[in-house]
Amino acid sequence: MSAAEPLLRVEDLRVEFPTEDGIVHAVDGITYQVHKGRTLGIVGESGSGKTVSSLTTLGLTRRQGARISGRILFEGKDLVTLPEDELRAIRGNDIAMVFQDPLSSLHPLYRVGRQLTEAVRAHRDVSKAKARERAVELLGLVGIPDPARRVDEYPHEFSGGMRQRVMIAMALANEPKLLIADEPTTALDVTVQAQILALMERLQRELGMAIVIITHDLGVVAEMADDIAVMYAGRIVETASATRVFSAPEHPYTWGLLKSIPRLDGSREEDLVPIPGTPPSLINPPSGCHFHPRCPYAQPDHARIDPALEPVPDEPGHHVACLLEADVRRRLWEQLGAGKTPEEALAEVGLPGAAPA
Amino acid sequence: MSTAVGAAGPLMRVRDLVKHFPITRGIIIQRKIGAVRAVDGVSLEIERGETLGIVGETGCGKSTTAKLMMRLLDATAGEIDFEGIDITRVKGARLKAIRREVQMIFQDPYSSLNPRKTVGSIIGEPFAIHRLMREKGERKREVQRLMETVGLNPEHYNRYPHEFSGGQRQRIGVARALALNPKLLIADEPVSALDVSIQAQVLNLLRDLQRRLGLTVVFIAHDLSVVRHMCDRVAVMYLGKIVEIGPNDALYAFPRHPYTGALLAAVPVADPSLHGSERHPLGGDVPSPANPPSGCRFHTRCPKAQALCSTQEPALEDKGSGTLVACHYPLSREEVAEMGVRSAR
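Residues numbered from 1 in each chain as written. Chains lettered and ligands numbered in written order. Predicted model: local features only at pLDDT ≥ 70, side-chain atom pairs only at ≥ 80, totals over all residues.

**Section: the overall build of chain B**
Logical step 1: Helix and strand content of chain B: 11 helices and 12 strands.
Logical step 2: The C-alpha radius of gyration computed for chain B amounts to 21 Å, which stays within 12% of the reference 20 Å derived for 345 residues, consistent with globular compactness.
Logical step 3: For chain B, the C-alpha atoms occupy an extent of roughly 70 × 55 × 50 Å along the three principal directions. (Helix = DSSP H or I, 4+ residues; strand = E, 2+ residues; numbered from the N terminus. Rg over C-alpha atoms; globule rule 2.2 N^0.38 Å.)

**A short note on the overall build of chain A**
Logical step 1: Secondary structure summary: chain A contains 13 helices and 12 strands in total.
Logical step 2: Principal axes of the C-alpha set define a box for chain A whose edges measure 70 × 45 × 45 Å.
Logical step 3: By the burial criterion, 48% of the 357 residues in chain A qualify as buried.
Logical step 4: Long-range contacts, defined as pairs at least 24 residues apart, comprise 63% of the intrachain contacts of chain A with a sequence gap of at least 6. (Buried ≥ 20, exposed ≤ 12 C-beta atoms within 10 Å, placed from the backbone. Contact = placed C-beta atoms within 7 Å.)

**Comments concerning helix H6 (residues 196-213) of chain B**
Since the α-helix turns once every 3.6 residues, residues separated by three or four places project in the same direction.
Residue and element names in this part refer to chain B.
Logical step 1: Its 18 residues place the ends of H6 26 Å apart at the C-alpha level, agreeing with the 26 Å of an ideal helix rising 1.5 Å per residue.
Logical step 2: Looking only at H6, the buried set comprises Val196, Ser197, Ile198, Gln199, Ala200, Gln201, Val202, Leu203, Leu206 and Gln210.
Logical step 3: Following H6 by one or two positions, Gly214 has its phi on the positive side, about 60°. (Expected span 1.5 Å × (residues − 1).)

**Brief notes about the environment of Val151 of chain A**
Residue and element names in this part refer to chain A.
Logical step 1: Checked against the element boundaries, Val151 lands in the loop between helix H6 (147-150) and helix H7 (160-172).
Logical step 2: The exposure class of Val151 is buried, given the 23 C-beta atoms found within 10 Å.
Logical step 3: With near-sequence residues (within four places) excluded, Val151 lies in contact with Val112, Gly113, Ala135, Val136 and Leu139.

**Thoughts on the domain arrangement of chain A**
All names here are of chain A.
Logical step 1: Split into domains, chain A comes out as domain 1 (1-94 + 176-263 + 273-281 + 318-323) and domain 2 (106-173).
Logical step 2: Taking only C-alpha atoms into account, the centre of domain 1 sits 27 Å from that of domain 2.
Logical step 3: No other element matches the five residues that helix H8 (residues 190-207) contributes to the side of domain 1 that touches domain 2.
Logical step 4: Residue composition of the side of domain 1 that touches domain 2, by class: nine nonpolar, three polar and no charged. (Domains from an automatic or database assignment. Nonpolar A, V, L, I, M, F, W, Y, C, P; charged D, E, K, R; others polar.)

**Section: the packing of helix H5 (residues 166-178) of chain B against H6 of chain B**
Residue and element names in this part refer to chain B.
Logical step 1: H6 packs onto H5 with a crossing angle of 20° between their chain directions and a minimal axis gap of 9 Å. When the interaxial angle is binned, H5 and H6 end up roughly parallel. The element H5 and its partner H6 pack so that their crossing is right-handed. Contacts between H5 and H6 pair Gly166, Gly167, Gln170, Arg171 and Val174 from the former with Ile198, Gln201, Val202 and Leu205 from the latter.
Logical step 2: Looking at side-chain class alone, the contact of H5 with H6 contains four nonpolar, four polar and one charged residues. (Axes fitted to C-alpha atoms, helices over the stretch in contact; angles between N-to-C directions. Parallel < 35°, antiparallel > 145°, perpendicular 65-115°, else oblique. Left-handed = near helix turned anticlockwise from the far one by under 90°.)

**A word on the sheet that holds strand S12 (residues 319-320) of chain A**
Residues and elements named next belong to chain A.
Logical step 1: Here eight strands make up an open sheet; going across it, the order is S6-S7-S8-S3-S9-S10-S12-S11 and the pairing mixed. Every other strand in the sheet has two partners, leaving strand S6 (95-98) and strand S11 (310-311) as the edge strands with one partner each.
Logical step 2: Of the pairings in the sheet, the one linking strand S3 (residues 39-43) to strand S8 (residues 210-215) comprises five bridges and is parallel in character. The residue of S8 that forms the bridge with Ile42 is Ile214. (Pairing = 2+ DSSP bridges.)

**A word on the environment of Arg71 of chain A**
All names here are of chain A.
Logical step 1: Among the secondary structure elements, Arg71 is positioned in strand S4 (residues 67-74).
Logical step 2: C-beta crowding within 10 Å serves as the criterion here: with 14 such atoms nearby, Arg71 is assigned to the partly exposed category.
Logical step 3: C-alpha separation for the pair Arg71 and Leu203, spaced 132 residues apart in sequence, amounts to 29 Å.
Logical step 4: For Arg71, the residues in contact, after removing those within four places along its chain, are Glu11, Asp78 and Val80.

**Quick look at the interface of chain B and chain A**
Logical step 1: Tallying the contact residues gives 36 residues for chain B and 37 residues for chain A.
Logical step 2: Elements that contribute at least two residues to the side of chain B that touches chain A include exactly H6, helix H7 (224-230) and helix H9 (258-266) of chain B.
Logical step 3: In terms of residue count, H6 of chain B provides more of the side of chain B that touches chain A than any other element does, eight residues in total.
Logical step 4: Considering only residue class, the side of chain B that touches chain A consists of 16 nonpolar, 13 polar and seven charged.

**A look at the sheet that holds strand S12 (residues 324-325) of chain B**
Sheets are built from strands that pair by backbone hydrogen bonding, the pairs being arranged parallel or antiparallel.
Residues and elements named next belong to chain B.
Logical step 1: As summarised here, the arrangement of the eight strands in space is S6-S7-S8-S3-S9-S10-S12-S11, forming an open sheet in which the pairing is mixed. Looking at strand neighbours, the two that pair on one side only are strand S6 (102-105) and strand S11 (317-318), the edges of this open sheet.
Logical step 2: Packed onto the sheet, H9 meets strand S9 (233-238) and strand S10 (241-247) and runs at close to 100° relative to S9.

**Quick look at unusual backbone geometry**
Logical step 1: Positive phi outside glycine occurs at Ala233 of chain A, with the angle close to 50°.
Logical step 2: Residue placement: Ala233 of chain A occurs in the loop between strand S9 (227-232) and strand S10 (235-241).
Logical step 3: Of note in the backbone geometry, Met133 of chain B takes a positive phi value of approximately 50° without being a glycine.

**Overview of the pairing of strand S2 (residues 22-34) of chain A**
Logical step 1: Pairing between strand S1 (residues 8-19) of chain A and S2 of chain A: 10 bridges, direction antiparallel. Residue pairing across strands places Val10 of chain A opposite Tyr32 of chain A, the latter belonging to S2 of chain A.

**Some remarks on the environment of Ala187 of chain A**
All names here are of chain A.
Logical step 1: Mapping Ala187 onto the fold places it in the loop between strand S7 (178-182) and H8.
Logical step 2: Residues Ala187 and Pro102, 85 residues apart in the sequence, show an inter-C-alpha distance of 8.3 Å.
Logical step 3: Ignoring anything within four residues of it in the chain, the contact list for Ala187 reads Gln100, Asp101 and Gly160.

**With respect to helix H4 (residues 136-149) of chain B**
All names here are of chain B.
Logical step 1: Taking 1.5 Å per residue as the helical rise, H4 with its 14 residues ought to reach 20 Å, and the 20 Å between its terminal C-alpha atoms agrees with that figure.
Logical step 2: Within H4 the residues assigned to the buried category are Val143, Leu146 and Met147. Seen along its axis, H4 keeps its buried residues to an arc of 100°; they face one direction. Across H4 from its buried face, at more than 90 degrees, point the exposed residues Gly137, Glu138, Arg145 and Glu148.
Logical step 3: Where H4 is buried, its residues contact helix H3 (119-129) and H5. (Arc of directions from axis to C-beta.)

**Digging into the confidence of the model for chain B**
Caution applies to low-pLDDT regions: their predicted coordinates should not be interpreted in detail.
Logical step 1: Considering every residue of chain B, the mean pLDDT works out to 90; 96% of them sit at 70 or more.
Logical step 2: The ipTM value of the predicted complex is 0.83, and its pTM value is 0.88. (pLDDT = per-residue confidence, 0-100.)

**Describing the pairing of strand S7 (residues 184-188) of chain B**
All names here are of chain B.
Logical step 1: Taking burial as the measure, the five residues of S7 include five buried ones, the bulk of the element.
Logical step 2: In this structure, S6 lies alongside S7, joined through four bridges in parallel fashion. For Ile105, the partnering residue across the bridge sits in S7 and is Ala187.
Logical step 3: Note: S7 against strand S8 (residues 216-221), five bridges, orientation parallel. Residue pairing across strands places Asp188 opposite Ile220, the latter belonging to S8.
Logical step 4: Following the backbone out of S7, through H6 and into the adjacent parallel S8, one traces a crossover that is right-handed. (Right-handed = clockwise from strand over helix to strand, strands pointing away.)

**Considerations on the nonpolar core**
Logical step 1: One finds Leu178 and Val221 of chain A together with Ala175, Val218, Phe219 and Val236 of chain B to be the most contacted residues of the largest nonpolar core, which totals 202 residues.
Logical step 2: With eight residues, H7 of chain A is the single largest residue contributor to this core.
Logical step 3: Residue contributions to this core reach at least three from each of two domains, namely domain 1 (1-94 + 176-263 + 273-281 + 318-323) and domain 2 (106-173) of chain A. (Core = buried A, V, L, I, M, F, W, Y, C linked by C-beta atoms within 7 Å.)

Structure, rendered in structure tokens:
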């Protein structure tokens, strides 16, 4: 970990949406940082708050009546309290975003070139001709063949992968310092996904930007991320280097995720170990540790005590929010790594079993 | 139903199956100006008790193939032989009898269940359609038994789909498909709409049912890791054709078709220690199935393509590694290793 000031520092961010049914605690006090030139992967399932937290970074939840507290520091400015016009100068300029669905993020009635020049001219005082030149250059940069011709085409004339390249070109229009990519390849086929991921890695090397990649796909974060934050029910439950998260994960939810995906290089005979139950309601999240109703290792007091994200002993940079003793966690993961089921691991370690709801 | 003759040999035999969707111009007088060749000459056999995986990218024809097997679409040409009967031609009562034997699990557990019906009547509907279990108490008992089989609480018989989570809804879909005790179960992307933790629950359920009931399953998916986990044999499709087919172990350990290799190399693996290797993803996009390339359809994107590939279409042949491959210049072990295929052995 570098001691330098991070490019983005999120501190105790909370985002709540008042609704008819109650207050949705979409993001419930998360803290993370992103350093220049590095990639942070935010992993979680639907409803874990990963998208809301990054939309909030760009001020895109303000209008939806969200209650936001905490701080989002970007180059010394707090994006939570920054006036709208100053935020607009940063959005799409220093911080850009790529969304999941490239078809619905492009305007169907405008030529691709016009949408790109708009992105350029929103932040730079350049002539239309200059902006168009830049648009062609950008399309070339993201690997679209024959960019001078294709700049005059409409989004429907592009394939899914090509549209996502256009979205990335648009995000890169002003050479952002931070690129937020929200499930950038989820809608794409696997060979096209590989193209887009390779493209993002190449552009990061060439332009030196930091990337926050949000995904539910553990394979994608393993390929892309230097550091990983695992989110569950609006909180970060574990954060560490990518290598640590995959080789020595500390949180039972992370174990659950790793054990529930079939791997291309894994054993076919082994059954998957699903996480029991379903993700909780964010209006009425469970008491204590949010994960305790689904956690096979939960102890009676875990329903009362709320775990904080704390450093793992002797592992700088690795933080986990779990009430189990560090030593117990290590022994449990050893058992799971050896192919034991959660029940067997519990017996081996000598913990009383929990009965997940 | 099954006769002594029908019990031998494969359960289903698909021969030169073709499905073209016409492209028309004009509103009142529609002229046919072309065709989307969604499935363009597929032949395969489904053995009793096996799980056959069909993989491929968007538009390769895998879902169309499944719909043809169900007779939800009428084939343009070719034969689908199900226990000795060509189901592409049958009608009326005989078609209904065949539909009873082939059931489907759909991708989206939200849109494939009628929100206004109770779970009990959704799972019991196949009985109503086929006039089985006509005594009310009997039908309810059978539905509750099915609910238990797929891990649903039978007491939830009178609940509505919205009261269930995504994973539970997919279980409802599975129970409905199993209701008539079908000989063939077709699962079209059964887990791709589900979250990771829920996906594993449904995959385990399907694997467990396969083992317990000896089901014959056609498993269609784009996720190659999931297909490897679930299937005995795998067919890889590209632009309406099978490019490679064979036993799971052989195909994943030593893919011979350059497209199979590229697909496998493109799968991101959840292991950052494998990160270092530079990857060379397949370039370009899938060409339009309305106007597929000449010769081998993959030649426009294939790194190994030669002059022959654009003129002569390769046949599906045994190239000595356990799979059938449609390629003039199949991959060598060295090439597979170089591509970074993580399942290679």
